[in-house]
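# Per-entry structural report
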Amino acid sequence: MDPAEVHRVLDALATAGCRSWVAGGWGVDALVGRQTRAHRDLDLALDAAGEAAAVGALAVLDYAVETDWRPVRVELAAPGGRWVDLHPVAFDARGRGTQAGLDGVTFDYPPGCFVTGTIDGRLVGCLSAAQQVAFHTGYPPRAVDLADLALLGRLGAGGPGG
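Residues numbered from 1 in each chain as written. Predicted model: local features only at pLDDT ≥ 70, side-chain atom pairs only at ≥ 80, totals over all residues. Heavy atoms only, no water.

Along its length, the chain carries five helices and nine strands. Its helices and strands taken in sequence order, the chain reads α-β-α-β-α-β-β-β-β-β-β-β-α-α from the N to the C terminus. Relative to its length of 162 residues, the chain is compact, with a C-alpha radius of gyration of 15 Å against a globular reference of 15 Å. By its C-alpha atoms, the chain is 40 × 35 × 30 Å across when sized along the principal axes. For the chain, buried positions account for 48% of its 162 residues. For the chain, restricting intrachain contacts to residue pairs at least 6 apart in sequence, the fraction spanning at least 24 positions comes to 49%. Surface accessibility of the chain: about 7,600 Å² in total, with carbon and sulfur atoms responsible for 57%. Counting 13 positive and 19 negative side-chain charges, the chain places the centres of these two groups 4 Å from one another. (Helix = DSSP H or I, 4+ residues; strand = E, 2+ residues; numbered from the N terminus. Rg over C-alpha atoms; globule rule 2.2 N^0.38 Å. Buried < 20%, exposed > 50% of the residue type's maximum accessible area, 1.4 Å probe, protein only. Contact = heavy atoms within 4.5 Å. Areas by Shrake-Rupley, 256 points an atom, 1.4 Å probe, with all protein chains shown as cover. Lys, Arg positive; Asp, Glu negative; His and termini not counted. Charge placed at Lys NZ, Arg CZ, Asp CG, Glu CD.)

Backbone torsion omega between Arg 70 and Pro 71 reads 15 degrees, so that peptide bond is classified as cis. The phi torsion at Asp 62 lies on the positive side, around 75 degrees, for a residue other than glycine. In this fold, Asp 62 is placed in the loop between α3 (51-60) and β3 (64-69). Even without being a glycine, Asp 120 presents a positive backbone phi close to 55 degrees. Mapping Asp 120 onto the fold places it in the loop between β8 (114-119) and β9 (122-127).

Axis separation between helix α1 (residues 3-15) and α3 bottoms out at 9 Å; the angle between their running directions is 130 degrees. It follows that α1 is oblique to α3 by the angle criterion. Read as a crossing pair, α1 and α3 show a hand that is right-handed. Facing Val 9, Ala 12 and Leu 13 of α1, the residues of α3 in contact are Ala 54, Ala 57 and Leu 58. The residue makeup of the contact of α1 with α3, split by class, is six nonpolar, no polar and no charged. (Axes fitted to C-alpha atoms, helices over the stretch in contact; angles between N-to-C directions. Parallel < 35°, antiparallel > 145°, perpendicular 65-115°, else oblique. Left-handed = near helix turned anticlockwise from the far one by under 90°. Nonpolar A, V, L, I, M, F, W, Y, C, P; charged D, E, K, R; others polar.)

What follows is about α3. Since the α-helix packs 3.6 residues into each turn, any two residues three or four apart lie on the same face. Taken together, the buried positions of α3 are Glu 51, Ala 54, Val 55, Ala 57 and Leu 58. Taken down its axis, α3 places every buried residue within 165 degrees of arc, on the same side. Along α3, the residues that are exposed and aim more than 90 degrees away from the buried face are Ala 52 and Val 60. Those residues of α3 that are buried lie in contact with α1, β2 (42-47), β3, β4 (73-78) and β5 (82-91). Following α3 by one or two positions, Asp 62 has its phi on the positive side, about 75 degrees. (Arc of directions from axis to C-beta.)

Mapped onto the elements of the fold, Ser 128 is located in the loop between β9 and α4 (129-135). A distance of 3.1 Å separates a polar side-chain atom of Ser 128 from the backbone nitrogen of Gln 131. In contact with Ser 128, other than residues within four places in its own chain, are Leu 31, Gly 112, Cys 113 and Val 115. (Polar contact = N/O pair within 3.5 Å; in protein donor to acceptor, adjacent residues only side chain to side chain.)

See the structure below:
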């Protein structure tokens, strides 16, 4: 997944009226302001109200549902090794979001966790460093996760180095 494809996906979602925020490795890179490593996929926190429209908008870009674990997540794949992982977030009237997790776990998205970052010189909505750190807990970290946490720590979000 390269920066041009990230922008193509974000543009398609915006055109379809879908609110989304970059998460995962690209989200960390957005906060850092530069691409720090290769990325297999694009993780997005997505306003659940626009989920059907998002899947439809991505279908126009040749993405099709590959893994359907809704309401937890839905992963879409496209030719050429392109992957988008949507994490539907339901919002209450105060702007607090909740994402379903496996085994009845839920993930909280406080209103302040939605910030902006930069991917390839362009501002994008993304998750805050603190939110990224929170999402990197609860599972055995891979090497890329440890690298992401180290970068987040340098941004002052806790974790290694911070």
